[in-house]
Amino acid sequence: VQTMNAQARKGFSLYADNNYCSEQFPDLTFTTEEQRIIKEKETAINTYVSEKMQAWIMGNESPEENFDEYIATVKSMGYDELRTAYQNAYDRYMKQ
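Residues numbered from 1 in each chain as written. Predicted model: local features only at pLDDT ≥ 70, side-chain atom pairs only at ≥ 80, totals over all residues. Heavy atoms only, no water.

Here's the deal with the nonpolar core
Put simply, the test is: By nonpolar core we mean a set of buried residues, namely Ala, Val, Leu, Ile, Met, Phe, Trp, Tyr and Cys, connected to one another through side-chain atoms within 4.5 Å. Classification of residues uses two cut-offs on accessible area relative to the type maximum, computed with a 1.4 Å probe and protein chains only: under 20% is buried, over 50% is exposed, and between them is partly exposed. Under the DSSP-based scheme used, a helix requires at least four consecutive residues in state H or I and a strand at least two consecutive residues in state E, with every element numbered from the N terminus. In this description, contact between two residues means that some pair of their heavy atoms is separated by no more than 4.5 Å.
Core analysis: the largest hydrophobic core is formed by ten residues, namely Ile37, Ile38, Ile45, Tyr48, Val49, Trp56, Tyr70, Val74, Leu82 and Ala85. Residue assignment for this core shows that the elements contributing at least two residues are α2 (32–58), α3 (63–76) and α4 (79–95). Of all the elements, α2 adds the most residues to this core, at six residues. When neighbours within four sequence positions are excluded, Val49 is seen to be in contact with Tyr70 and Val74.

Side note on the environment of Ser62
The line we're drawing: Definition of a polar contact: a pair of N or O atoms within 3.5 Å, with one able to donate and the other able to accept a hydrogen when the atoms are protein atoms, and with sequence-neighbouring residues admitted only if both atoms are side-chain atoms.
Here Ser62 shows up in the loop between α2 and α3. Along the backbone, Ser62 and Ile38 are 24 residues apart, and their C-alpha atoms lie at a distance of 29 Å. At 3.0 Å, the side chain of Ser62 and the side chain of Glu64 are in polar contact.

Some remarks on the packing of α2 against α4
Basically, it comes down to this: Angles shown run from 0 to 180 degrees and are taken between the N-to-C directions of axes, each axis being a line fitted to C-alpha atoms and, for helices, limited to the stretch in contact. Angles below 35 degrees are treated as roughly parallel, those above 145 as roughly antiparallel, those between 65 and 115 as roughly perpendicular, and all remaining angles as oblique. For any pair of crossing helices, the crossing counts as left-handed if the nearer helix is rotated counterclockwise from the farther one by less than a right angle, and right-handed if it is rotated clockwise. Here the nonpolar group is Ala, Val, Leu, Ile, Met, Phe, Trp, Tyr, Cys and Pro; Asp, Glu, Lys and Arg are the charged ones; every other residue, Gly included, is treated as polar.
For the pair α2 and α4, the least separation of the axes is 9 Å and the interaxial angle reads 130 degrees. With respect to each other, α2 and α4 are oriented oblique. Pair α2 / α4 crosses with left-handed handedness. Contacts between α2 and α4 involve Glu34, Ile37, Ile38, Lys41, Glu42 and Ile45 from the former and Tyr79, Glu81, Leu82, Ala85, Tyr86, Asn88, Ala89 and Arg92 from the latter. Of the residues assigned to the contact of α2 with α4, the class counts are eight nonpolar, one polar and five charged.

Quick notes on the pattern of salt bridges
Short version of the rule: For salt bridges, the criterion is a side-chain nitrogen of Lys or Arg within 4 Å of an Asp or Glu carboxyl oxygen.
As enumerated under the stated definition, the model contains six salt bridges in all. Of the charged contacts in the structure, one is a salt bridge between Glu40 and Arg36, with a shortest N-O distance of 2.8 Å. One end of the pair is Glu40 and the other is Arg36, both in helix α2 and four residues apart, which spans about a single turn. The exposure class assigned to Glu40 is partly exposed, which follows from its relative accessible area of 47%.

A short note on the side chain of Lys41
Mapped onto the elements of the fold, Lys41 is located in helix α2. If we ignore the near neighbours within four places in the chain, the residues touching Lys41 are Met77, Gly78 and Glu81.

Overview of the side chain of Glu34
Within the element layout of this structure, Glu34 appears in helix α2. Under the relative-accessibility criterion, Glu34 is labelled buried at 6%. Among residues more than four places away in sequence, those in contact with Glu34 are Thr29, Ala85, Asn88, Ala89 and Arg92.

Description of α4
Note the cut-off: Expected helix span is taken as 1.5 Å per residue step, with the number of steps being one fewer than the number of residues. What the arc covers is the set of directions going from the helix axis to the C-beta atoms.
Between its first and last C-alpha, α4 extends 24 Å over 17 residues, near the 24 Å set by a 1.5 Å rise per residue. When α4 is considered as a whole, its buried residues turn out to be Leu82, Ala85 and Ala89. For α4, the angular spread of the buried residues around the axis is 60 degrees, confining them to a single face. Exposed side chains of α4 directed beyond 90 degrees from the buried face belong to Met94 and Lys95.

Printed below as a string of structure tokens:
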């Protein structure tokens, strides 16, 4: 902060003083099984979610009409397993 110019210091202060800065997500360590689940499921789920968000934002689809189908699809792609893998790794991290 000391080496910042006045404008940069002011911008930094806006974030710091108003709690806009958050802690960085910790580096998690995954088991072999968790790594397998992440490798198998995460990319496909992220791609599907991104495509749906884009379709909703662009007006090509209505989130209100298709949201239940969207949730069902994400779950069928293994979202619960993926979330559990991350949660378990996070829980181990917090016990350290």
